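# Structural characterization, general
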Amino acid sequence: MDTLQAAAVSVEASLDALLPPATDRVTEAMRYATLGGGKRLRGFLVLGSAGLFDVQRDRALRVAAAIECLHAYSLVHDDLPCMDDDDLRRGRPTVHIAFDEAVAVLAGDALQTLAFELLADPATHPDGAVRAALCLALARASGAAGMVGGQAMDIAAETAGTPLDLAAITRLQALKTGALIGFAAQAGGILGGAGPGARAALAAYADALGLAFQIRDDLIDATGDARAAGKRVGKDAAAGKATFVGLLGLDAAAKRASTLVDNAVAALDPFGPVAEPLRDAARFTLTRTS
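Reference entry: report on the structure contained in this document. Note that the structure is predicted; figures quoted are calculated from it, not measured.

## Things to note about the overall build of the chain
- Secondary structure summary: the chain contains 16 helices and two strands in total.
- The C-alpha atoms of the chain give 18 Å as radius of gyration, which agrees with the globular expectation for 290 residues (19 Å, within 12%).
- When the backbone C-alpha atoms are referred to their principal axes, the chain occupies close to 50 × 45 × 35 Å.
- Every one of the 290 residues in the chain was classed for burial, and the buried ones make up 51%.
- Counting only contacts in the chain whose residues sit at least 6 apart along the sequence, the fraction spanning at least 24 positions is 72%.

This is the structure we're talking about:
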């Protein structure tokens, strides 16, 4: 998708400029974890939603860089031996393999704090209330009531050896994956001072997109190729984890994802043609291979 690729280039350039220079192993690991890979979907969603409200591009790019730093931190920690114990991410050795576990923990911590530093900086928006709203929204999306809470549910289910049912796995993924996607899609509205109706439409879009994204992840894990995916595949089934594919089957899971994408596209109706890039991003979810 050309629009997504163009946004990825812009977000990558912003990250390169905003990340600290590689002066030691931690800053080297921060840059290794964040640059040179990834779809930048979350950053794209920030730019796309900001475009609905004529937000200045440089401000939107700072928020896009912040969410990508937060996302990179989550991947670094998720890959650790105490979590998913993965050795491949974005086609390269994971951070704890390329460096070591202590450096990976510290690099992840530093990326998380950098995300909030970027949002709180006056360069992101002159209005302190807007900056505070961005920080609050990202904290809620990434903490115990969001991404971390979803990861905790995932670990608890694996430890108990009791597979989750469809309602529980939907709730888990809405937190673990969907919460950050939700922040990204609504960040442009926060930057642009969107009203309640517009914010609700973006939230509905993000909810449907986040779940479709995770179902596609499950399909890639079940049927994809490690080289194309840039990470190990088949690991969820090997670990006995409940997934949408395991609960619904391949065909029904694919159909569920398609329905969710339709819902995401429809949620953008109030914005008209200007929201077409966001619609294209939802449709792209169904065909991505990594």
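## Examining the nonpolar core
- Counting 89 residues, the largest nonpolar core has Leu45, Leu134, Phe183 and Tyr205 as its most contacted members.
- Every residue in contact with Phe183, bar those within four places of it in the chain, is listed here: Val63, Ile67, Leu119, Leu134, Ala137, Leu138 and Ala141.

## As for the packing of helix 3 (residues 41–51) against helix 10 (residues 178–191)
- Look at helix 3 against helix 10: their axes get within 6 Å of each other, and the N-to-C directions meet at 25 degrees. The angle between helix 3 and helix 10 places the two elements in the roughly parallel class. The hand of the helix 3/helix 10 crossing is right-handed. For the pair formed by helix 3 and helix 10, the contact residues are Arg42, Leu45, Val46, Ser49 and Ala50 on the first element and Leu180, Ile181, Ala184, Ala185, Ala187, Gly188 and Gly189 on the second.
- Residue composition of the contact of helix 3 with helix 10, grouped by class: eight nonpolar, three polar and one charged.

## Looking at helix 8 (residues 147–160)
- Here helix 8 contains 14 residues, and its C-alpha end-to-end distance of 20 Å stays within 8% of the 20 Å for a straight helix at 1.5 Å per residue.
- The set of residues buried in helix 8 consists of Met147, Gly149, Gly150, Gln151, Asp154 and Ala157.
- Backbone geometry just downstream of helix 8 places Gly161 in the positive-phi region, at approximately 70 degrees.

## Considering the packing of aromatic side chains
- Within this structure, the stated rule accounts for two aromatic pairs.
- Ring centres of Tyr32 and Phe99 lie 5.5 Å apart, and the angle between their planes is 80 degrees; on these two criteria the pair is classed as edge-to-face. Note that Tyr32 is positioned in helix 2 (residues 25–34) and Phe99 in the loop between helix 5 (95–98) and helix 6 (101–120), a separation of 67 residues in sequence. Each member of the pair, Tyr32 as well as Phe99, carries the same accessibility label: buried.
- With a centroid separation of 6.1 Å and 90 degrees between ring planes, the pair formed by Phe53 and Phe271 is classed as edge-to-face. Of this pair, Phe53 sits in the loop between helix 3 and helix 4 (57–78) while Phe271 sits in the loop between helix 15 (250–267) and helix 16 (276–284); the two residues are 218 residues apart in sequence, bridging distant segments of the chain.
- On the basis of relative accessibility, which here comes to 16%, the residue Phe271 falls in the buried class.
- A cation over a ring is seen here: Arg92 above Tyr32, with NZ or CZ 4.1 Å from the ring centre.
- If you follow Arg288 out to its NZ or CZ, it ends over the ring of Phe213, 3.8 Å from the centre.

## Focus: the environment of Asp218
- By the secondary structure assignment, Asp218 is in helix 11 (residues 196–223).
- For the pair Asp218 and Ala206, spaced 12 residues apart in sequence, the C-alpha separation works out to 18 Å.
- Separated by 2.9 Å, the side chain of Asp218 and the backbone nitrogen of Phe244 make a polar contact.

## Points about helix 10
- With 14 residues, helix 10 extends 20 Å between its outermost C-alpha atoms, agreeing within 8% with the 20 Å of an ideal straight helix rising 1.5 Å per residue.
- At Ala185, helix 10 shows its largest kink, close to 35 degrees.
- A large share of helix 10 lies buried, amounting to 13 of its 14 residues.
- Once helix 10 finishes, Gly193 follows within two positions and takes phi at roughly 65 degrees, a positive value.

## A few points about the side chain of Arg62
- Along the polypeptide, Arg62 turns up in helix 4.
- Beyond its immediate chain neighbours, meaning those up to four positions away, Arg62 contacts Leu18, Leu118, Asp121, Ala123 and Thr124.

## Quick notes on the pattern of salt bridges
- Scanning all chains against the criterion turns up 11 salt bridges.
- Put simply, Arg31 and Asp16 hold a salt bridge, and the shortest N to O gap is 2.2 Å. Separated by 15 residues along the polypeptide, Arg31 in helix 2 and Asp16 in helix 1 (residues 2–18) bring together distant segments of the chain.
- For Arg31, a relative accessible area of 18% puts it in the buried group.
- In this structure, the salt-bridge partner of Arg25 is Asp100, at a minimum N-O distance of 3.4 Å. You can see Arg25 sitting in helix 2 and its partner Asp100 sitting in the loop between helix 5 and helix 6, a full 75 residues away along the chain.
- For Arg25, a relative accessible area of 41% gives the class partly exposed.

Definitions and limits used
- Residues numbered from 1 in each chain as written.
- Predicted model: local features only at pLDDT ≥ 70, side-chain atom pairs only at ≥ 80, totals over all residues.
- Heavy atoms only, no water.
- Helix = DSSP H or I, 4+ residues; strand = E, 2+ residues; numbered from the N terminus.
- Rg over C-alpha atoms; globule rule 2.2 N^0.38 Å.
- Buried < 20%, exposed > 50% of the residue type's maximum accessible area, 1.4 Å probe, protein only.
- Contact = heavy atoms within 4.5 Å.
- Core = buried A, V, L, I, M, F, W, Y, C linked by side-chain atoms within 4.5 Å.
- Axes fitted to C-alpha atoms, helices over the stretch in contact; angles between N-to-C directions.
- Parallel < 35°, antiparallel > 145°, perpendicular 65-115°, else oblique.
- Left-handed = near helix turned anticlockwise from the far one by under 90°.
- Nonpolar A, V, L, I, M, F, W, Y, C, P; charged D, E, K, R; others polar.
- Expected span 1.5 Å × (residues − 1).
- Phe/Tyr/Trp six-rings, centres within 6.5 Å; stacked < 30°, edge-to-face > 60°.
- Lys NZ or Arg CZ within 6 Å of the ring centre and 35° of its normal.
- Polar contact = N/O pair within 3.5 Å; in protein donor to acceptor, adjacent residues only side chain to side chain.
- Bend = angle between axes of the 7 residues up to and from the residue.
- Salt bridge = Lys/Arg side-chain N within 4 Å of Asp/Glu carboxyl O.

Read these as layout, nothing more, since geometry by itself doesn't imply function.
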